[in-house]
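# Residue-level structure breakdown
Letter by letter, the chains look like this.
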Amino acid sequence: MAEWSWEYYQDDLMDGLPDIARGEAERLANEIAIRESMVFLEGAAYTGPGPGLRTEARGKLMLNYLTDVRGERIVVVQVSWFG
């Protein structure tokens, strides 16, 4: 299993959100990265289509993200906090 990572699409994506939202977003993004590493076992050697934009929600948090399978990473493109 490869060591997948995650990152924000833009450095300022979390600007204006409370610290609790930041912590929840980081935990959820990390969990998604671990899950995707188990789904796409071939990682960089993967030749199929990417899964596209997806949404994951937990409690007051919602993340929209892309899975870059060949780059073995998750790219968080939007964070919504309903707190």
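First, a word on scope: everything that follows refers to the structure included in this document. Because the structure is predicted, anything quoted here is derived from the model rather than measured.

Helix and strand counts for the protein stand at 1 helix and 4 strands. Counting from the amino terminus, helix and strand elements in the protein follow one another as β-α-β-β-β. Dimensions of the protein, computed from the C-alpha atoms along their principal axes, are close to 40 × 20 × 20 Å. The buried share of the protein, reckoned over its 83 residues, is 34%.

So, on to unusual backbone geometry. Phi is positive for E72, close to 50°, though the residue is something other than glycine. With respect to the helices and strands, E72 occurs in the loop between β3 (61-68) and β4 (73-81).

To describe a pair of aromatic rings, you give the distance between the ring centres and the angle between the ring planes. For the coordinates displayed, the defined rule picks out 2 aromatic pairs. Between W6 and Y8, the aromatic rings sit 5.1 Å apart at their centres with planes inclined by 75°, giving edge-to-face as the arrangement. Of the residues examined, Y8 reaches a relative accessible area of 19% and is grouped as buried. For the ring pair F40 and Y46, a centre distance of 5.3 Å and an interplane angle of 75° mean the geometry is edge-to-face.

Parameters and conventions
Residues numbered from 1 in each chain as written. Predicted model: local features only at pLDDT ≥ 70, side-chain atom pairs only at ≥ 80, totals over all residues. Heavy atoms only, no water. Helix = DSSP H or I, 4+ residues; strand = E, 2+ residues; numbered from the N terminus. Buried < 20%, exposed > 50% of the residue type's maximum accessible area, 1.4 Å probe, protein only. Phe/Tyr/Trp six-rings, centres within 6.5 Å; stacked < 30°, edge-to-face > 60°.

Just geometry here; none of it tells us what the structure is for.
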